[in-house]
Amino acid sequence: MKNILSVYGSVDLLIFVLFPVSSEADMHRQLNVFSAHIVSSACHVQVDADGPGNNLLTFETYRKSLSSPVPGRDFTVRLSESGSAVPGCSAFLVGQMATIQFGNPGQLDAGGVVTRGAGDGVRIVVQATDPQADYRERIMSGRDSVSYPVDFAAKGRLHFRARPVIPDTVRAGEYSGALAFVVTYQ
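Residues numbered from 1 in each chain as written. Predicted model: local features only at pLDDT ≥ 70, side-chain atom pairs only at ≥ 80, totals over all residues. Heavy atoms only, no water.

K.L.:
Can you tell me about the pairing of strand E3 (residues 73-81), naming the residues and giving the values?
P.N.:
Relative to E3, strand E2 (residues 43-48) is paired through six bridges, and the arrangement is antiparallel. Following the sheet pairing, Val47 is matched in E3 by Val77. Looking at chain direction, E3 and strand E9 (residues 157-165) are connected through six bridges and run antiparallel. For Arg73, the partnering residue across the bridge sits in E9 and is Ala162. (Pairing = 2+ DSSP bridges. Helix = DSSP H or I, 4+ residues; strand = E, 2+ residues; numbered from the N terminus.)

K.L.:
Account for the packing of aromatic side chains, with residues named and values stated.
P.N.:
The tally for this structure, following the rule as stated, stands at five aromatic pairs. Considering the side-chain rings of Phe102 and Phe181, the 6.3 Å spacing of their centres and the 55° angle between planes classify their relative orientation as tilted. A residue pair is termed long-range when its members are at least 10 positions apart, and Phe102 in strand E4 (residues 97-102) and Phe181 in strand E11 (residues 181-185) qualify at 79 residues. The two residues Phe102 and Phe181 agree in class, both being buried. An angle of 25° between the planes, with centres 5.8 Å apart, marks the rings of Tyr148 and Phe152 as stacked. This pair shows no difference in class: Tyr148 is buried, exactly as Phe152 is. The structure contains a cluster of three or more aromatic residues connected by ring pairs, namely Phe75, Phe102, Phe160 and Phe181. (Phe/Tyr/Trp six-rings, centres within 6.5 Å; stacked < 30°, edge-to-face > 60°. Buried < 20%, exposed > 50% of the residue type's maximum accessible area, 1.4 Å probe, protein only.)

Given below as structure tokens:
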């Protein structure tokens, strides 16, 4: 799913304020210098899953008779300046922490991402894989966000791994789930 992230930054201003000298007692000048970062006002967000620009992950077929786990798949949340294909988004540089929060109502429970089909018991475990992430355990209800230092997030690539957890009660058939997210900075 493609998500558009609107983040608003600030425009850097360099302001010099000179006070007029009105008497010999006021013979000193005061210079105030304000500095800030020039940043983008919006970022574009794209998920690269089964290839660039593809937001769907397809897992291998689970064979109940073998009971072997289904291998996980990696995906990347890619952030870029609006109109650019190059990863990186300067808007984060005005904050101190960038956070990605997962899940719309009903998309997460204590097991991970809720799926439908094949008995409705399959859960998808999603975990951050970047060492800079403050949380690299299972994304679930009650623990649904991961934060990053802004200098890392501004580089525009956040990496995750998803893997299905198949219960013994699974039935033959397909299953599917969805996971929305919002990226913010503060």
